[in-house]
Amino acid sequence: MDIVEVSGLCKTYPAFQLKEVSFSLERGQITGFIGRNGAGKSTTIKSMLNLVHPDRGNISFFGMPLKENEAEIKQRIGYSTGTVSWYPRKTIREILAVTREFYSRWDDSACRECMAMFSLDERKKPMELSEGMKVKFNLLLALSHRAEVLILDEPTSGLDPFSRDELLELFRQLKKRGVTILFSTHITSDLERCADKIVYIRQGMIRSACSKAEFMQHSGKPDESLEEIFLRLEREARA
C-alpha cells in the first residue's frame, strides 16, 4: 500500500528546476533517496513538509492531500536532518518538555527508550553534544511521537561507523513495526544494507524509482556496488 504519494512536483528557481517529480512510498519499506548535491533532493523533501511551496504538483500522506490536512499529517510523520540548531543553552530535558506539547501522540516510554539507545544525557545542552550526538537527538525527537512515516535528510551524517550501524539496525526494527522511511544520503553503502527501494534524482528529474534489486539489475553491471553504479551514471550523464 502506498502511504505517501508525490505526483508531478515542479518548482522553478533562477538557476534550478524541479521537473515533474513523482514517486511513492510503501508502508513498512525503507526508501533511499540518492542524487548529487543540487540535484533536487532537499527541495523535494522540503516540499513534502510544506516548507517549500511547489509551483504545481500534488503530495498526499495516508490518502490525504498535504495542503488541506497539514496539521493532522504532521502529527503522524517525523522529520530529521543532520543540520538543526536547537537552543544551545537549554538542556535536552527542557527542549523535550517544550516539544512534547506539540504532539498529541507523544510517547514518553518511546522517548526514554531512544534516550537509552542513543546514550543521551537529558542534563546536557546541544552546545555540549558532538555532531553525531546532535543527529541522534534530532532522531529522538522524530521517533518520540510514534511517527508512521520518517523523512530523514542525511540522517547518518556525522556519525561514526559504529553509530551508523546502530542507526541502520534501528531502521530495520522500525520497518518491522510498519514504519515507512525515506532517507537521503551520500553514503550509498548504508542503502545497500537496508533499503528496499531506490529513488534516483538527477538535475531536478527522477531518473529511477524502483526496488533496489531492480535498480541494480537494470542500471548496474556485473559485480558493481550501488555506489559504483551511482558514480558511473553520474559520469555518463556529464560526458
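Note that the structure is a prediction, hence the values are computed from the model and not measured. (Residues numbered from 1 in each chain as written. Predicted model: local features only at pLDDT ≥ 70, side-chain atom pairs only at ≥ 80, totals over all residues. Heavy atoms only, no water.)

Caption draft 1: Fine view of the pattern of salt bridges. Per the stated rule, a full pass over the model turns up 16 salt bridges. Between Lys 136 and Glu 166 there is a salt bridge, and its shortest N-O distance comes to 3.8 Å. Remark: Glu 166 occurs in helix α6 (residues 161-176) and Lys 136 occurs in helix α5 (residues 131-143); sequence separation between them is 30 residues. Residue Lys 136 is classed as buried on the basis of its relative accessible area, which comes to 9%. Among the ionic contacts, a cluster of salt bridges with common partners joins Arg 76, Arg 105 and Glu 148. (Salt bridge = Lys/Arg side-chain N within 4 Å of Asp/Glu carboxyl O. Helix = DSSP H or I, 4+ residues; strand = E, 2+ residues; numbered from the N terminus. Buried < 20%, exposed > 50% of the residue type's maximum accessible area, 1.4 Å probe, protein only.)

Caption draft 2: Layout of the pairing of strand β3 (residues 30-34). In terms of residue burial, β3 counts as a mostly covered element, since five of its five residues are buried. Covered by surrounding structure in β3 are Ile 30, Gly 32 and Ile 34 together with Thr 31 and Phe 33, the residues of both alternating faces. As defined by bridge partners, β3 adjoins strand β9 (residues 197-202) across four bridges and the pair is classed as parallel. Across the sheet, Phe 33 pairs through a bridge with Val 199, a residue of β9. (Pairing = 2+ DSSP bridges.)

Caption draft 3: Geometry of the sheet that holds strand β1 (residues 2-13). The sheet built from four strands is open, its strands ordered β2-β1-β4-β5 with antiparallel pairing. At either end of the open sheet lies a strand with only one pairing partner, and these are β2 (16-26) and β5 (64-65). Both β1 and strand β4 (residues 56-61) contribute to a ladder of five bridges, which runs antiparallel. Across the sheet, the residue bridging to Ser 7 is Asn 58, located in β4. Where helix α1 (residues 41-48) meets the sheet, it contacts β1, β2 and β4, and its direction lies at approximately 60 degrees from that of β2. (Contact = heavy atoms within 4.5 Å. Axes fitted to C-alpha atoms, helices over the stretch in contact; angles between N-to-C directions.)

Caption draft 4: Expanded view of a negative patch on the surface. Among the surface-exposed residues, Glu 192, Asp 223, Glu 227 and Glu 228 lie close enough to one another that they form a single negatively charged patch. Examined against the element boundaries, Asp 223 turns out to sit in the loop between α8 (212-219) and α9 (226-238). (Patch = residues over 30% accessible without salt bridge, like charges linked within 9 Å, V, L, I, M, F, W, Y side chains within 5 Å. Areas by Shrake-Rupley, 256 points an atom, 1.4 Å probe, with all protein chains shown as cover. Lys, Arg positive; Asp, Glu negative; His and termini not counted. Charge placed at Lys NZ, Arg CZ, Asp CG, Glu CD.)

Caption draft 5: View of the environment of Phe 102. In this structure, Phe 102 sits in the loop between α3 (92-99) and α4 (108-118). Sequence separation of Phe 102 and Gln 75 is 27 residues, and the distance between their C-alpha atoms is 8.4 Å.

Caption draft 6: Just empty space enclosed by the protein, in detail. Considering all chains together, one arrives at one cavity of 30 Å³ or more under this definition. When its volume is computed, the largest cavity comes out at roughly 40 Å³. Contributing to the lining of the largest cavity are Phe 118, Lys 136, Leu 139, Leu 159, Ser 163, Glu 166 and Leu 167. Elements with a contribution of two residues or more to the lining of the largest cavity: α5 and α6. Counting residues per element, the lining of the largest cavity draws most heavily on α6, which supplies three residues. When grouped by side-chain class, the residues that make up the lining of the largest cavity number four nonpolar, one polar and two charged. (1 Å grid on protein atoms, 1.4 Å probe; cavity = no way out; pocket = protein on both sides within 12 Å on 5 of 7 lines; lining within 4 Å. Points joined across faces, edges and corners; volume = space filled by probe spheres on them. Nonpolar A, V, L, I, M, F, W, Y, C, P; charged D, E, K, R; others polar.)

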